[in-house]
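Read off the chains here:
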Amino acid sequence: AQSVAQPEDQVNVAEGNPLTVKCTYSVSGNPYLFWYVQYPNRGLQFLLKYITGDNLVKGSYGFEAEFNKSQTSFHLKKPSALVSDSALYFCAVRPTFGSARQLTFGSGTQLTVLP
Amino acid sequence: DAGVTQSPTHLIKTRGQQVTLRCSPKSGHDTVSWYQQALGQGPQFIFQYYEEEERQRGNFPDRFSGHQFPNYSSELNVNALLLGDSALYLCASSLYGTSANTQYFGPGTRLTVL
């Protein structure tokens, strides 16, 4: 069975500074990896995904993520944080083969960008 | 282009009652998945529907059931509600086929069981 770990419940960063939200995963075979963002009392909004190819994936709103197969990680990054980036971020994984079609999510990381 | 829509937005029920939640997928999508998100947790997969059949199910009891209609919209039914069923219920739509396809989520239905 697949799993996702987001080791930090809370990340605080100053506006204008770079941000990193960490994610590690466990899956049989190769993974498809996703990042979603959730604003208060809202559903999940898709940011980016890794399928294959370039390990650096670029997504919406200036976010990017780096896939590292040897470390089984998929950390979310942004060069310069905005106050409006403050939200709850979820990493999710799905195996490329097999019958599991659902997304398996981590527990989420609350990002707070301080003005 | 309309995204995923869900109704109602909020719902309050008492223990033992039954509830039906509704979801309309994003235009062009044929697959609907349902997730339960308890407070402070990540979403947990309930089941997925494609071609009006349940294709996969997570670790949820039979009190949770669903349906998909010919227009691809879907319902989630929960019988004999428990206090622990209080959560945000999320619907996600996608195209069937490769697992690389992105799931797009609706705004959710907040269910409170008293």
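Just so you know, the residues in each chain are numbered from 1, in the order the chain's sequence is written. Here chains are named by letter from A upward and ligands by number from 1 upward, in the order in which they appear as written. Only residues with pLDDT of at least 70 get local features here, since the model is predicted, and only at 80 or more are side-chain atom pairs given and counted; chain-wide, interface and lining totals rely on the full set of residues. Side-chain metrics in this entry use all non-hydrogen atoms of the structure; hydrogen atoms and water are not considered.

Chemist: When you look at the overall build of chain A in this model, what are you seeing that I'm missing?
Modeler: When you go through chain A residue by residue, the secondary structure sums to zero helices and twelve strands. Reading the secondary structure of chain A in the N-to-C direction produces β-β-β-β-β-β-β-β-β-β-β-β. At 14 Å, chain A has a C-alpha radius of gyration in line with the 13 Å of a compact globule built from 115 residues. Seen along its three principal axes, the alpha-carbon backbone of chain A occupies a region of about 45 × 30 × 20 Å. The buried label goes to any residue with under 20% of its type's maximum accessible area, the exposed label to any with over 50%, and the partly exposed label to all in between, with areas taken from a 1.4 Å probe on protein chains only. Taken over 115 residues, chain A has a buried fraction of 49%. Here a strand is any run of E in DSSP of at least two residues, a helix any run of H or I of at least four, and the numbering for each starts at the N terminus. To get the radius of gyration, use the C-alpha atoms; to get the globule rule, take the number of residues to the power 0.38 and multiply by 2.2 Å.

Chemist: Help me understand the state of the cysteines, please; the structure alone is not making it clear to me.
Modeler: Here a disulfide denotes a covalent bond joining the sulfur atom of one cysteine to the sulfur atom of another. Residues and elements named next belong to chain A. Put simply, a disulfide is two cysteine sulfurs that come within 2.5 Å. Per the counting criterion, the structure on display carries two disulfides over all chains. Across the disulfide, Cys23 is cross-linked to Cys91 (sulfur-sulfur distance 2.0 Å). Its S-S torsion of about -60° marks the bond between Cys23 and Cys91 as left-handed, since a negative value means left-handed. Here the residue Cys23 occupies a position in the loop between β3 (19-21) and β4 (24-26), and Cys91 occupies one in strand β10 (residues 87-95), the gap between them amounting to 68 residues. Each member of the pair, Cys23 as well as Cys91, is classed as buried.

Chemist: Just to check I follow, could you spell out the interface of chain B and chain A for this structure?
Modeler: By a frequent convention, interface size equals the accessible area lost on bringing the separate parts together. With 24 residues of chain B at the interface, the matching set in chain A holds 22 residues. Summed over both partners, the interface of chain B with chain A buries about 1,800 Å², with 48% contributed by carbon and sulfur atoms. The buried area of a pairing is the accessible area, by a 1.4 Å probe, that goes missing from both parts when the two are put together, added over both. Taken as a group, Gln56, Ser99 and Ala100 of chain B account for 29% of the area that chain B buries against chain A, more than any other trio of residues on that side. We call two N or O atoms a polar contact when they sit within 3.5 Å, provided that within protein one can donate a hydrogen and the other can accept it, with sequence-adjacent residues counted only if both atoms are side-chain atoms. Where chain B meets chain A, there are seven residue pairs in polar contact (both at pLDDT 80 or more). Elements with a contribution of two residues or more to the side of chain B that touches chain A: β4 (31-37), β5 (44-50), β9 (87-94) and β10 (104-105) of chain B. Here the nonpolar group is Ala, Val, Leu, Ile, Met, Phe, Trp, Tyr, Cys and Pro; Asp, Glu, Lys and Arg are the charged ones; every other residue, Gly included, is treated as polar. The residue inventory of the side of chain B that touches chain A, partitioned by class, reads ten nonpolar, 13 polar and one charged. The criterion used for residue contact is that any of the two residues' heavy atoms lie within 4.5 Å.

Chemist: When you look at the sheet that holds strand β3 (residues 19-24) of chain B in this model, what are you seeing that I'm missing?
Modeler: Sheet strands pair via backbone hydrogen bonds, and the direction of the pair is either parallel or antiparallel. Residue and element names in this part refer to chain B. Pairing between strands requires that DSSP locate at least two bridges from one strand to the other. What the four strands build is an open sheet, ordered β1-β3-β8-β7; its pairing is antiparallel. Only two strands of the sheet have a single partner each, and these edge strands are β1 (5-7) and β7 (64-68). If you compare each strand with its neighbour and ignore which way they point, the axes differ by 20° on average. In the sheet, β7 pairs with strand β8 (residues 74-78) via five bridges, with the strands oriented antiparallel. In this analysis an axis means a line fitted to C-alpha atoms, helices contributing only their contacting stretch, and an angle means the value between N-to-C directions, from 0 to 180 degrees.

Chemist: Which parts of the structure should I look at to understand the environment of Gln71 of chain A?
Modeler: Structurally, Gln71 of chain A can be placed in the loop between β8 (64-68) and β9 (73-78). For the pair Gln71 of chain A and Tyr25 of chain A, spaced 46 residues apart in sequence, the C-alpha separation works out to 9.1 Å.

Chemist: Quick question: what am I supposed to make of the packing of aromatic side chains here?
Modeler: Geometry of an aromatic ring pair is reported as the spacing of the ring centres plus the angle between the planes. Side-chain rings of Phe, Tyr and Trp, where Trp is taken by its six-membered ring, are said to pair if the distance between their centres is within 6.5 Å; with planes under 30 degrees apart they count as stacked, over 60 as edge-to-face, and otherwise as tilted. Under the criterion given, the structure shown has 17 aromatic pairs over all chains. Pairing Tyr50 of chain A with Phe74 of chain A gives two aromatic rings, centres 6.5 Å apart and planes at 55°, and the pair type is tilted. A residue pair is termed long-range when its members are at least 10 positions apart, and Tyr50 of chain A in strand β6 (residues 44-50) and Phe74 of chain A in strand β9 qualify at 24 residues. What makes Tyr50 of chain A buried here is its relative accessible area of 8%. The exposure class assigned to Phe74 of chain A is buried, which follows from its relative accessible area of 0%. Ring geometry for Tyr50 of chain B and Tyr96 of chain B: centres 3.8 Å apart, planes at 0°, overall stacked. One end of the pair, Tyr50 of chain B, is in strand β5; the other, Tyr96 of chain B, is in the loop between β9 and β10, and 46 residues separate them in sequence. Since its relative accessible area comes to 16%, Tyr50 of chain B is described here as buried. By relative accessible area, Tyr96 of chain B is classed as partly exposed at 28%. What links up through ring pairs into an aromatic cluster is the set Phe34, Tyr36, Phe46, Phe90 and Phe105 of chain A together with Tyr35, Phe45, Tyr104 and Phe105 of chain B. Its end group placed over the ring of Tyr104 of chain B, Lys26 of chain B keeps NZ or CZ at 5.4 Å from the ring centre. Remark: a charge is flagged as sitting over a ring if the NZ atom of Lys or the CZ atom of Arg is within 6 Å of the ring centre and within 35 degrees of the ring normal.

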